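Given next are the chains, with one letter for each unit.
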Amino acid sequence: MKLFIRAIVLLAVIWIAMLFTGYGVLTGSNKNAAGLGLQCSYLTARGLITAQYLHTDSGVVGVTDCPLLKKSGEVIDN
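Residues numbered from 1 in each chain as written. Predicted model: local features only at pLDDT ≥ 70, side-chain atom pairs only at ≥ 80, totals over all residues. Heavy atoms only, no water.

**Student:** Any chance you could explain the environment of Trp 15 here in plain terms?
**Tutor:** For Trp 15, the location among the structural elements is in helix H1 (residues 2–21). Between the C-alpha atoms of Trp 15 and Arg 46, which are 31 residues apart in sequence, the distance is 9.4 Å. Among the polar contacts made by the side chain of Trp 15, one reaches the main-chain carbonyl oxygen of Ala 45 at a distance of 3.2 Å. (Helix = DSSP H or I, 4+ residues; strand = E, 2+ residues; numbered from the N terminus. Polar contact = N/O pair within 3.5 Å; in protein donor to acceptor, adjacent residues only side chain to side chain.)

**Student:** Quick question: what am I supposed to make of a nonpolar patch on the surface here?
**Tutor:** Together, Met 1, Phe 4, Ile 5, Ile 8, Val 9, Leu 10, Leu 11, Val 13 and Ile 14 make up an exposed nonpolar region whose accessible area comes to about 940 Å². By the element assignment, Leu 10 lies in helix H1. Taking relative accessible area as the criterion, Leu 10 reaches 52% and is therefore assigned exposed. (Patch = residues over 30% accessible without salt bridge, like charges linked within 9 Å, V, L, I, M, F, W, Y side chains within 5 Å. Areas by Shrake-Rupley, 256 points an atom, 1.4 Å probe, with all protein chains shown as cover. Salt bridge = Lys/Arg side-chain N within 4 Å of Asp/Glu carboxyl O. Buried < 20%, exposed > 50% of the residue type's maximum accessible area, 1.4 Å probe, protein only.)

**Student:** Which parts of the structure should I look at to understand the pairing of strand S2 (residues 37–44)?
**Tutor:** Consecutive residues of a regular strand have side chains that alternate between opposite faces of the sheet. Judged from the seven bridges that link them, strand S1 (residues 23–32) and S2 form a sheet pairing that is antiparallel. Across the sheet, residue Asn 30 finds its bridge partner in S2, namely Gln 39. The antiparallel hairpin formed by S1 and S2 contains four residues in its connecting segment, where Ala 33 sits at a positive phi of about 55°. Here S2 runs beside strand S3 (residues 47–54); their pairing, made up of eight bridges, is antiparallel. Across the sheet, the residue bridging to Leu 43 is Leu 48, located in S3. Following S2, the chain reverses through two residues before pairing antiparallel with S3. (Pairing = 2+ DSSP bridges.)

**Student:** Teacher, can you tell me more about the nonpolar core here?
**Tutor:** Across soluble globular proteins, nonpolar side chains show a tendency to be buried alongside one another. Counting residues in each nonpolar core, the largest one holds five residues, listed as Leu 38, Cys 40, Tyr 42, Ala 51 and Cys 66. Here this core takes three residues from S2, the largest share from any one element. With sequence-adjacent residues up to four places away left out, Cys 66 is seen in contact with Leu 26, Ser 29, Leu 38, Cys 40 and Tyr 42. (Core = buried A, V, L, I, M, F, W, Y, C linked by side-chain atoms within 4.5 Å. Contact = heavy atoms within 4.5 Å.)

**Student:** Got a minute to help me understand the state of the cysteines in this structure?
**Tutor:** A complete count under the given rule lists one disulfide for this structure. Bridging Cys 40 to Cys 66, the disulfide has an S-S length of 1.8 Å. Measuring handedness by torsion sign, the sulfur bridge of Cys 40 and Cys 66 sits at about -80° and is left-handed. Note that Cys 40 is positioned in strand S2 and Cys 66 in the loop between S3 and strand S4 (69–71), a separation of 26 residues in sequence. Cys 66 shares its class with Cys 40; the two are buried. (Disulfide = S-S within 2.5 Å.)

Dropping the structure here:
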């Protein structure tokens, strides 16, 4: 029971930190536009957001993979 309560408290602390900082965690990605675009989905404290990136395998132009964390445009303390 203690483990369950600690897990709930830890999730609440993470959610509050995400709410005040505006960061989201990567939940998924797909390639689009003939492999030149990369669509990344992020879970934030306010819901899911989607970001579009230019994608190349080399990473010279654009990104090779989605970043693990992304700052959203809406933060609670703005």
